[in-house]
Amino acid sequence: MWGRDIEGMEACMEHDLSWRRRLVSAFDPFRELSLDECATLYVHREGQPSRLVVEALEEGEAERTRIALVGARGSGKSTELRRVMRTLTEDGSALVPILVDISAGLPDKATTVAWLPLVAAAVRAAREDWNGLAPKGDPLLTALEAIGIGAELLAPLMDLVRIAGPWFGPKGQAAAAGAAAVVELGEACGKAARAALEHPTSRTELDDLVEAMRGELVALRKAAGRAPVLLLDGLDKRVSTDSVFDALSDAALLYGLPAAIVISGPMALRLDGRFASFLMPGSFRPMTLHNLPVVDREGRPKEAGIAVLRELYRLRWEAAGLGPELLPVELVDEAARWSSGVAREFLALVKESVREAVRKSRDRVRPEDLALAVRERRHTMEITLDTSRWDVLADVLAHQERPHHELDDLLYTNAVACYQNDSVWYRPNELLVPYLQDRRRVEPS
C-alpha cells in the first residue's frame, strides 16, 4: 500500500505544478466566482433562477420584496446571487445591491443578533460610499454599542466588507480581494458576533438597531437615487438545519427594513411556514433551485441536466488554460449523473478523477479513476447513515415521495435529491442508489 502511494506521489511530481494548481482552482467545489467570472463561467439552466430573482426585484415593490432562494447545498445558489449582483450593477439598473455572507465568523448556535451587525456595517459602508447624508447623532453606532459592538469593531467590519467580496460602489465598480481579506473578515465578524452574543440583548435594543439601519437605508436610497437590495448569502455553511434556524431566529426583524431582501438557504426553508408563507404581504416568497435533472424517474441518464454540467466542465477547463481535455465526454456525463445534479458534487468528482489520472502519469482519465472518486464520496456519505435512515431512503427510492422521517437532515446532507418536471419528486443520491438496490434484492420476501 505504501509503495503504491509513493509511486503515485512520484508520478504526480512529474507533472507541472502550475497546471495542477490551475486544475484544483478551476474545479474547487467551494470557490466562489467573482463578478467577472459570473459572466464568463456562468452556465444558463432552465428557468434561469438569477433572472427570475432580478425580475421579481425589478417588478415588485422595492421596499417590500422578500425572496428566499432555496435548494440543495452546492446547487449553485451563491453563484446565482452573484449573477444577480452583476446584473444589478449594470448601467440602467434601478437597484443598489449589497451582497453579504452572513455566515462569516458565526459561532455555533448563533442567532440573528450575531450577524445583524455585519449587515449593518455593510449598509453603513454602502451609504458612505454613495455619499449619503449620515443621520444625526449616529444612531447606528449608538444601537451597536448597546449590544456590545463599538466603533473599534464597526470600522474594520466596514472596510473588510468592501474588499472581501463583490462590492458595488457609486461608479458601478466591483472589487474583490484575496483569501487573506476573507480570513480577516471572518475573524472580525467572529469577534463582533461573540461580542453581540455575550451581551444580553433586549427586544428594545434590537428594535433600535433595526430602526438605525432603516435610517441608513433611507439615506442610501436618497443618495444613490436607487432602491437598495440586501443579498444575504451563506446559511448553507452552517453545520446543520438546526443551526440555520437558530441564525434566523429573529428574521422577522428584516421585514421592517426599507429594502428588498433576498436570502439563500437550504431546502428546509422552503418547507417552513416562516419562509414559505408568501401569500402574506411582505413575507418571503420562496424560489426553489431544484437539482439539475441528470436522471429520470427510472434512474436513466437525462440529457437536460447532464448538458448543463457538461458545459460547466468545458467552460472551467478552457478558462483555466488546461490544454487538451483529459476527461472523455462519456466520463463527464457519468460524473454528472453521479452528482445527482449538484454542481459542487460534480466539480469535486471531476477534480478528483483528473487528479487520480495525473498521479498515475496518464494523459487520459479512465473509468477506474472516476470510480475511485465516486467510491470516496460514497463512503463519506454512507458513514453518516444508520439502519433507520437507510430504511427511509429505501422508501424514497420506491415511491419517489418526500421522506417523512429525518427530512431536514437528509435534504441538508444531499442524501436525498429533489427534482422537478411535471411534478416535484424525490430520489436518493445516486451515490447511494446501488446499495439500496442491492439491499432490496436481498430482503426476505
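Everything below is about the structure printed above this text.
The text that follows walks through the structure, step by step, so that each part is easy to find. Every value quoted in this text rests on a predicted model; they were computed, and no experiment measured them. (Residues numbered from 1 in each chain as written. Predicted model: local features only at pLDDT ≥ 70, side-chain atom pairs only at ≥ 80, totals over all residues. Heavy atoms only, no water.)

**Examining the overall build of the chain**
Reasoning step 1: Counting secondary structure elements, the chain contains 19 helices and 7 strands.
Reasoning step 2: Computed over C-alpha atoms, the radius of gyration of the chain comes to 23 Å, within 12% of the 22 Å expected from 2.2 N^0.38 for 445 residues, which places it in the range of a compact globule.
Reasoning step 3: Oriented by its inertia axes, the alpha-carbon framework of the chain measures out at about 70 × 55 × 40 Å.
Reasoning step 4: Burial statistics for the chain: of 445 residues in total, 53% are counted as buried.
Reasoning step 5: Relative to all contacts within the chain whose residues are 6 or more apart in sequence, the contacts with residues 24 or more apart total 75%.
Reasoning step 6: Carbon and sulfur atoms provide 52% of the accessible area of the chain, an area that totals close to 20,200 Å².
Reasoning step 7: Of note, the chain has its 56 positive side-chain charges centred 2 Å away from the centre of its 68 negative side-chain charges. (Helix = DSSP H or I, 4+ residues; strand = E, 2+ residues; numbered from the N terminus. Rg over C-alpha atoms; globule rule 2.2 N^0.38 Å. Buried < 20%, exposed > 50% of the residue type's maximum accessible area, 1.4 Å probe, protein only. Contact = heavy atoms within 4.5 Å. Areas by Shrake-Rupley, 256 points an atom, 1.4 Å probe, with all protein chains shown as cover. Lys, Arg positive; Asp, Glu negative; His and termini not counted. Charge placed at Lys NZ, Arg CZ, Asp CG, Glu CD.)

**Regarding the packing of helix H7 (residues 139-146) against helix H10 (residues 203-224)**
Reasoning step 1: Closest axis-to-axis distance for the H7/H10 pair is 8 Å, and the angle between their directions is 155°. Our classification of the angle between H7 and H10 gives roughly antiparallel. Every pair of crossing elements has a handedness; the one defined by H7 and H10 is left-handed. Across from Pro139, Leu140, Ala143, Leu144 and Ala146 in H7, the residues of H10 making contact are Glu205, Asp208, Leu209, Ala212, Met213 and Glu216.
Reasoning step 2: Across the contact of H7 with H10, the residue classes break down as 8 nonpolar, no polar and 3 charged. (Axes fitted to C-alpha atoms, helices over the stretch in contact; angles between N-to-C directions. Parallel < 35°, antiparallel > 145°, perpendicular 65-115°, else oblique. Left-handed = near helix turned anticlockwise from the far one by under 90°. Nonpolar A, V, L, I, M, F, W, Y, C, P; charged D, E, K, R; others polar.)

**Digging into unusual backbone geometry**
Reasoning step 1: The backbone of serine 361 sits at a positive phi, close to 55°, despite the residue not being glycine.
Reasoning step 2: Here serine 361 lies in the loop between helix H15 (343-359) and helix H16 (367-382).
Reasoning step 3: You will see that asparagine 414, though not glycine, has its phi angle at about 65°, which is positive.
Reasoning step 4: Its location among the elements puts asparagine 414 in the loop between helix H18 (407-412) and strand S6 (416-420).
Reasoning step 5: Residue asparagine 414 is classed as buried on the basis of its relative accessible area of 7%.

**What to know about the sheet that holds strand S5 (residues 285-289)**
Reasoning step 1: The 5 strands lie next to each other as S2-S3-S4-S1-S5, forming an open sheet whose pairing is parallel. Across the chains shown, the open sheet's two edge strands, defined by having one partner strand only, are strand S2 (95-101) and S5. Geometrically, the sheet is characterised by an average inter-axis angle of 20° between neighbouring strands, direction not taken into account.
Reasoning step 2: When S2 meets strand S3 (residues 227-233), the two strands line up parallel, connected through 7 bridges. Bridge pairing in S3 places isoleucine 98 opposite leucine 230.
Reasoning step 3: Helix-sheet contacts for H10 involve S2 and S3, and the interaxial angle to S3 is about 125°. (Pairing = 2+ DSSP bridges.)

**Re H15**
Reasoning step 1: Its 17 residues place the ends of H15 24 Å apart at the C-alpha level, agreeing with the 24 Å of an ideal helix rising 1.5 Å per residue.
Reasoning step 2: Of the positions making up H15, those classed as buried are Ala343, Glu345, Phe346, Leu347, Leu349, Val350, Lys351, Ser353, Val354, Glu356, Ala357 and Val358. (Expected span 1.5 Å × (residues − 1).)

**Thoughts on H7**
Reasoning step 1: Leu140, Leu141, Ala143 and Leu144 are the residues of H7 that are buried. Buried residues of H7 fall within an arc of 160° about the axis and therefore sit on the same side.
Reasoning step 2: On its buried face, H7 is in contact with helix H6 (112-129), helix H8 (151-163) and H10.
Reasoning step 3: At the C-terminal side of H7, glycine 148 shows a positive phi close to 95°. (Arc of directions from axis to C-beta.)

**Observations regarding the packing of helix H13 (residues 303-319) against helix H14 (residues 329-338)**
Reasoning step 1: Interhelical geometry of H13 versus H14 gives an angle of 120° and a closest axis separation of 9 Å. When the axis of H13 is compared with that of H14, the two are oblique. Every pair of crossing elements has a handedness; the one defined by H13 and H14 is right-handed. Residue-level contacts link Ile306, Leu309, Arg310 and Tyr313 of H13 to Val329, Val332, Asp333 and Ala336 of H14.

**With respect to the nonpolar core**
One recurring pattern in soluble globular proteins is that nonpolar side chains are buried together.
Reasoning step 1: In terms of nonpolar packing, the biggest core is built from 105 residues, with Leu57, Trp115 and Leu232 touching the most fellow members.
Reasoning step 2: At 12 residues, the largest contribution of residues to this core is made by H6.
Reasoning step 3: Setting aside anything within four residues of it in sequence, one finds tryptophan 115 in contact with Ile102, Leu106, Leu232, Ala247, Leu248 and Leu254.
Reasoning step 4: Counting 43 residues, the second largest nonpolar core, distinct from the first, contains Cys38, Tyr313, Val350 and Ala417. (Core = buried A, V, L, I, M, F, W, Y, C linked by side-chain atoms within 4.5 Å.)

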